[in-house]
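Residue-level structure breakdown
What follows is each chain in one-letter form.
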Amino acid sequence: MTYLPDRETELLFAAELAKGRATKPIIVAGVDEVGRGAIAGPATVGIALIGRETSMDFPNGLKDSKMLSPKARENLVKPCKNWVLGHAVGHASAQIVNEYGIIGALRFAAAHALEVLVEQGYQISGVLLDGKHDWWSSNELFPLGVDLPSVPVQMVIKGDARCAVIAAASVLAKVERDTVMQELHKKFPAYNWAQNKGYASGEHIRALQEHGVSEYHRTAWKLPV
């Protein structure tokens, strides 16, 4: 089944946020993560922003980034950037994942993406977060010295297939992380990261068993070596 995102959830969420705040701009952040299940490379978070003035017509062909070919994702980067108010992608290295766990790493990556948006003058009103576990609001559980804004968070299961702004964040994050892994492949070609992007493919596992781990592997996890 092919899922195409709509804007109903986004608009309803924005309307709820706008109650009692008619004079204050409402900016909704769509947030998605990439690389959560990889065994090498960064954990990456994409953030895309929409507001009242954002066009109802999201880019043609936009949907869950996992359902798109690499070329289709790359072709959507510019239309997505042109459609949203603002956008940023943040990364947390394998070392951050090892030290703080995947949830701490996602928060770290999101904080760095937000820094870019704040520098551009954006102040988010609420977050549409892909999935069912709210890692955004857990400041007290993951003290990294990076606190995410205390704003309303609405979880959207399969959000990258259901919400256009989350799908845009997903595409931007996926393309940027893939580029990172392709560059790392040049340093460590044995792991074939250009193809597997740091996930546990058969070739990646065989390379681990033959060559051991690199500085970019998540050694705090149980690796198949």
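Remember, predicted model here, so these are calculated numbers, not experimental data. (Residues numbered from 1 in each chain as written. Predicted model: local features only at pLDDT ≥ 70, side-chain atom pairs only at ≥ 80, totals over all residues. Heavy atoms only, no water.)

**Things to note about the packing of helix H2 (residues 70-83) against helix H5 (residues 164-187)**
For the pair H2 and H5, interaxial distance at closest approach is 9 Å and the crossing angle is 130°. As the angle between them shows, H2 and H5 are arranged oblique. Relative to H5, H2 is oriented so that their crossing is left-handed. Here Arg73, Glu74, Leu76, Val77, Cys80, Lys81 and Trp83 of H2 come into contact with H5, specifically with Ala164, Val165, Ala168, Val171, Leu172, Lys174, Val175 and Asp178. (Axes fitted to C-alpha atoms, helices over the stretch in contact; angles between N-to-C directions. Helix = DSSP H or I, 4+ residues; strand = E, 2+ residues; numbered from the N terminus. Parallel < 35°, antiparallel > 145°, perpendicular 65-115°, else oblique. Left-handed = near helix turned anticlockwise from the far one by under 90°. Contact = heavy atoms within 4.5 Å.)

**What about the confidence of the model for the chain?**
Residues with a pLDDT of 70 or more make up 94% of the chain, whose mean pLDDT is 91. No element of the chain has a lower mean pLDDT than helix H1 (residues 8-18), at 84, and none a higher one than strand E3 (residues 86-92), at 98. (pLDDT = per-residue confidence, 0-100.)

**Section: the sheet that holds strand E5 (residues 153-156)**
Spatially, E3-E2-E1-E4-E5 is the arrangement adopted by the five strands of the open sheet, whose pairing is mixed. Strands with a single pairing partner mark the edges of an open sheet, and in this sheet they are E3 and E5. Put simply, the sheet's adjacent strands are angled 20° from each other on average, direction ignored. In the sheet, strand E1 (residues 27-34) pairs with strand E4 (residues 126-130) via four bridges, with the strands oriented parallel. Each bridged residue has a counterpart across the sheet, and for Gly30 the counterpart in E4 is Leu128. Contacts from helix H3 (residues 94-119) reach E1, strand E2 (43-51) and E3 within the one sheet, and its direction differs from that of E3 by about 160°. (Pairing = 2+ DSSP bridges.)

**Quick word on unusual backbone geometry**
In this structure, Lys158 is a non-glycine residue whose phi angle is positive, near 55°. Residue Lys197 is not a glycine yet carries a positive backbone phi of 55°. Considering the arrangement of structural elements, one finds Lys197 in the loop between helix H6 (193-196) and helix H7 (202-211).

**Remarks on the packing of aromatic side chains**
All told, the structure shown has seven aromatic pairs when counted by the stated rule. Taking the centre distance of 6.4 Å and the plane angle of 70° together, the rings of Phe58 and Trp83 count as edge-to-face. Placement of Phe58 in the loop between E2 and H2 and of Trp83 in helix H2 is noted, with a sequence separation of 25 residues between them. Both rings, one in Phe188 and one in Tyr216, keep their centres 5.9 Å apart while their planes meet at 70°; by these two values the pair is edge-to-face. Here Phe188 is found in the loop between H5 and H6, whereas its partner Tyr216 is found in the segment after H7, with 28 residues between them in sequence. (Phe/Tyr/Trp six-rings, centres within 6.5 Å; stacked < 30°, edge-to-face > 60°.)

**Thoughts on the state of the cysteines**
Summed over all chains, the structure comprises zero disulfides. Here Cys80 is not cross-linked by a disulfide; its sulfur's nearest cysteine counterpart is in Cys163, at 14 Å. With a relative accessible area of 0%, Cys80 lands in the buried category. Note on Cys163: relative accessible area 0%, which makes it buried. (Disulfide = S-S within 2.5 Å. Buried < 20%, exposed > 50% of the residue type's maximum accessible area, 1.4 Å probe, protein only.)

**Focus on H2**
In this model, H2 (14 residues) spans 20 Å end to end at C-alpha, consistent with the 20 Å of a helix rising 1.5 Å per residue. Val77 marks where H2 bends most, by close to 35°; the proline Pro79 follows one to four residues later. Looking at H2, one finds that the buried residues are Arg73, Leu76, Val77, Cys80 and Trp83. Each element contacted by the buried residues of H2 is listed here: E2 and H5. (Expected span 1.5 Å × (residues − 1). Bend = angle between axes of the 7 residues up to and from the residue.)

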